[in-house]
Amino acid sequence: MDTGPYHDKVELLKALAHPTRLCIVHGLVSRGECNVAGIQHCLEMPQSTVSQQLAILRLKGIVRSERSGTEVRYSVGNDKAREIVSVLFENDVPFVWDKAQKGSASTGRAGDGRQ
């Protein structure tokens, strides 16, 4: 059996199979772009842990980053990952970041609707 067509899909699923990475991607799918500090605050994890998981997601091509001055904002850059996470959570309760930061933006300002 030729497993070539499955390799990329397996790698995508492996990257999403870690609870923290899945949570990060779920949050980015649900809320849009966010910086490390915002993700760290929402997940209540050390910045080093969040940065390490984001690095893996970037390496796998799931998350992309964009620098704006000193801030780096992350978003989902892989449509397949976005699809998979959307299907996984389509009937679930609102995302956990909603509980941690009701209506707050990643910069700590309320009201702009972005995470």
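Please refer to the structure higher up on the page.
Bear in mind the structure is a predicted one, so any value in this text is a computation, not a measurement.

A. Fine view of the pairing of strand 3 (residues 71-76). Of all six residues making up strand 3, five are buried, and the element is well covered by its neighbours. Pairing geometry for strand 1 (residues 34-35) and strand 3, over two bridges, is antiparallel. Along strand 3, the bridge assignment pairs Cys 34 with Tyr 74. Across six bridges, the pairing between strand 2 (residues 63-68) and strand 3 is antiparallel. Bridge assignment links Val 63 to a residue of strand 3, and that residue is Val 76.

B. Up close: the side chain of Arg 21. Mapped onto the secondary structure, Arg 21 falls in helix 2 (residues 19-31). Put simply, Arg 21 is tucked away with no salt bridge, and the nearest opposite charge, on Glu 11, sits 9.2 Å away. Within the local environment of Arg 21, its side chain forms a polar contact with the backbone oxygen of Ala 15, the two atoms lying 2.7 Å apart. Leaving out residues up to four positions away in the same chain, Arg 21 has contacts with Lys 14, Ala 15, Gln 53, Ile 56 and Leu 57.

C. Representation of the pattern of salt bridges within the structure. The full count for this structure, using the stated rule, is five salt bridges. Lys 60 serves as the salt-bridge partner of Glu 11, at 3.0 Å between the closest nitrogen and oxygen. With Glu 11 in helix 1 (residues 4-16) and Lys 60 in the loop between helix 4 (47-59) and strand 2, this pair connects stretches of sequence that are 49 residues apart. In this structure, the salt-bridge partner of Arg 73 is Glu 71, at a minimum N-O distance of 3.6 Å. On the basis of relative accessibility, which here comes to 9%, the residue Arg 73 falls in the buried class. What makes Glu 71 partly exposed here is its relative accessible area of 24%.

The rules behind the values
- Residues numbered from 1 in each chain as written.
- Predicted model: local features only at pLDDT ≥ 70, side-chain atom pairs only at ≥ 80, totals over all residues.
- Heavy atoms only, no water.
- Buried < 20%, exposed > 50% of the residue type's maximum accessible area, 1.4 Å probe, protein only.
- Helix = DSSP H or I, 4+ residues; strand = E, 2+ residues; numbered from the N terminus.
- Pairing = 2+ DSSP bridges.
- Lys, Arg positive; Asp, Glu negative; His and termini not counted.
- Salt bridge = Lys/Arg side-chain N within 4 Å of Asp/Glu carboxyl O.
- Polar contact = N/O pair within 3.5 Å; in protein donor to acceptor, adjacent residues only side chain to side chain.
- Contact = heavy atoms within 4.5 Å.

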